[in-house]
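# Architecture and fold: a report
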Amino acid sequence: MRVLLIGGTGQLGTEIRRRWSADTIVAPGHDWVDLAVPTSLDTAVGDSDAEVVINCAAFHNVDRCESEVETALRINAVAVERLAELCAQRGKRFVTFSTDYVFDGATEWPYSEHDCPHPISAYGVSKYTGELLVERLRSDALVVRTCGVYGVRPSATKGYTFVDRVIAQARAGERGRVVDDVIASPTYAGHLAVALRALLETSARGVVHACNVGPVSWYDFAAEALRQAGLELSLDAIGSGEWKSGARRPRYSALENARLRELGITMPDWRAGITAYLADRRA
Ligand SMILES: NC(=O)c1ccc[n+]([C@@H]2O[C@H](COP(=O)([O-])OP(=O)(O)OC[C@H]3O[C@@H](n4cnc5c(N)ncnc54)[C@H](OP(=O)(O)O)[C@@H]3O)[C@@H](O)[C@H]2O)c1
């Protein structure tokens, strides 16, 4: 498969490049293709012989999106629509990523693709707008919703992963403080890259959820990371009310991979995500 990969240096993009060894991947850097510069998208897709265009780039600093709404919409919605349009016009398949933050969290069960989004942050609104603009084209584009992504090459916007931070604090003899009332489906980028490759072997279009399986609180996730790293449990559970942040976040945003399952594609559970991450990081 010939692939044009945008955002190829991020957590997910790095795993796609690492794991899809049988494919031909061209991954221009951010300085070459910038979602904020529409002409760079026209040139990149127009000049490309790729069959599939994958967009892993986003403006996903959730707190900054609150004060930079226009930029969030330009990058997460308008640019995504432009890419989808360019691909539809040229017969290329388009894949982009969305987020659990399109939901409000007022549930106690993992969200499936049938649940209606209701974002409560500017980031969530911008990503959901992107979803709708892509869907409106009625092309064969795929919008893959995922959650709490962590990878061996940490996101440049954060510089470290949640797992790394928890482990580093424990090694430094510090007690970590982690929320125990926020439930998600943290997802190892390596597992997501493998599932995405399998998904592209199908004719699926539209919204598909793809996460490591199982709802888990961030506290339990952190505790398991410490256990697997052979470290003592040195964590204090806190309520989300004690954690100051600029944007509202859903209390419950675990996703169910309902469509993936129907397609016969399974993803490992969240514990296996930590195991694979720690092994790959050591390697
Ligand atoms: N991380 C999460 O927890 C999470 C959760 C749910 C959904 N998602 C979604 O999953 C996708 C992949 O996330 P990720 O964690 O792999 O992201 P990431 O690690 O932050 O990587 C983002 C990539 O996009 C590039 N990029 C950033 N802004 C760009 C722009 N304006 N134009 C072109 N390239 C740009 C970055 O390059 P530079 O570093 O050079 O700027 C980097 O290669 C995103 O759509 C994100 O919204 C992520």
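The structure we're discussing is the one just above.
Now for a quick tour of the structure. Model, not experiment: these values are computed from the prediction.

The next subject is the packing of aromatic side chains. Scanning all chains against the criterion turns up ten aromatic pairs. Geometrically, the ring pair formed by F103 and Y111 is stacked, given 3.9 Å between the ring centres and 5° between the ring planes. The two residues F103 and Y111 agree in class, both being buried. Here the aromatic rings of Y150 and Y277 are separated by 5.1 Å at their centres, their planes lie at 80°, and the arrangement is edge-to-face. Taken as a pair, Y150 in strand 6 (residues 149–150) and Y277 in helix 10 (residues 270–282) lie far apart in primary sequence, 127 residues in all. The pair Y150 / Y277 is uniform in exposure class, with both members buried. Sitting over the face of the ring of W20, R197 holds its NZ or CZ atom 5.6 Å from the ring centroid.

Among the nonpolar cores identified, the biggest contains 32 residues, and V163, W218, F221 and L235 are the most heavily contacted of them. Looking at this core, the element that brings in the most residues is helix 8 (residues 218–228), giving seven residues.

Next up on the list: the pattern of salt bridges. Across all of its chains, the model carries 22 salt bridges by this definition. Close ionic contact of R18 with E15 constitutes a salt bridge, the shortest N to O distance being 3.1 Å. Within this pair, R18 and its partner E15 are both found in helix 1 (residues 11–19), separated by three residues, close to a single helical turn. For R18, a relative accessible area of 45% translates into the label partly exposed. Judged by its relative accessible area of 0%, E15 is buried. Across the pair D236 and R175 runs a salt bridge, and its minimum N-O distance is 3.0 Å.

On to the site of the ligand. Around the ligand, 26 residues are found, and the nearest of them are T9, Q11, H30, H60 and S155. One of the side-chain N or O atoms of K127 is found 3.0 Å from an oxygen atom in the ligand. At 2.8 Å, a side-chain N or O of S155 approaches an oxygen atom of the ligand. Protein chains bury 87% of the 910 Å² of accessible surface belonging to the ligand in isolation. For the shell around the ligand, the secondary-structure elements that each account for two or more residues are helix 1, strand 4 (93–99) and helix 5 (122–136). Ranked by residue count, the leading element in the shell around the ligand is strand 4, at three residues. Residues that form the shell around the ligand fall into these classes: twelve nonpolar, twelve polar and two charged.

Here we come to helix 2 (residues 38–46). For helix 2, the set of buried residues is S40, L41, A44 and V45. Summarising the axial view, the buried residues of helix 2 lie within an arc of 120°, below the 170-degree limit, and thus occupy one face. At its buried positions, helix 2 is contacted by strand 1 (2–6) and helix 4 (69–90).

One non-glycine residue, R138, lies in the positive phi region at around 50°. Looking at the secondary structure, you find R138 in the loop between helix 5 and strand 5 (142–146).

Another point: the pairing of strand 4. Among the seven residues that make up strand 4, seven are buried, leaving the element largely enclosed by the rest of the structure. Taking every second residue as pointing to the same face, both faces of strand 4 are buried, with R93, V95, F97 and T99 on one and F94, T96 and S98 on the other. When strand 3 (residues 52–55) meets strand 4, the two strands line up parallel, connected through four bridges. Bridge pairing in strand 4 links N55 to T96.

Reading guide: rules and limits
- Residues numbered from 1 in each chain as written.
- Predicted model: local features only at pLDDT ≥ 70, side-chain atom pairs only at ≥ 80, totals over all residues.
- Heavy atoms only, no water.
- Phe/Tyr/Trp six-rings, centres within 6.5 Å; stacked < 30°, edge-to-face > 60°.
- Buried < 20%, exposed > 50% of the residue type's maximum accessible area, 1.4 Å probe, protein only.
- Helix = DSSP H or I, 4+ residues; strand = E, 2+ residues; numbered from the N terminus.
- Lys NZ or Arg CZ within 6 Å of the ring centre and 35° of its normal.
- Core = buried A, V, L, I, M, F, W, Y, C linked by side-chain atoms within 4.5 Å.
- Salt bridge = Lys/Arg side-chain N within 4 Å of Asp/Glu carboxyl O.
- Near = heavy atom within 4 Å.
- Polar contact = N/O pair within 3.5 Å; in protein donor to acceptor, adjacent residues only side chain to side chain.
- Areas by Shrake-Rupley, 256 points an atom, 1.4 Å probe, with all protein chains shown as cover.
- Nonpolar A, V, L, I, M, F, W, Y, C, P; charged D, E, K, R; others polar.
- Arc of directions from axis to C-beta.
- Contact = heavy atoms within 4.5 Å.
- Pairing = 2+ DSSP bridges.

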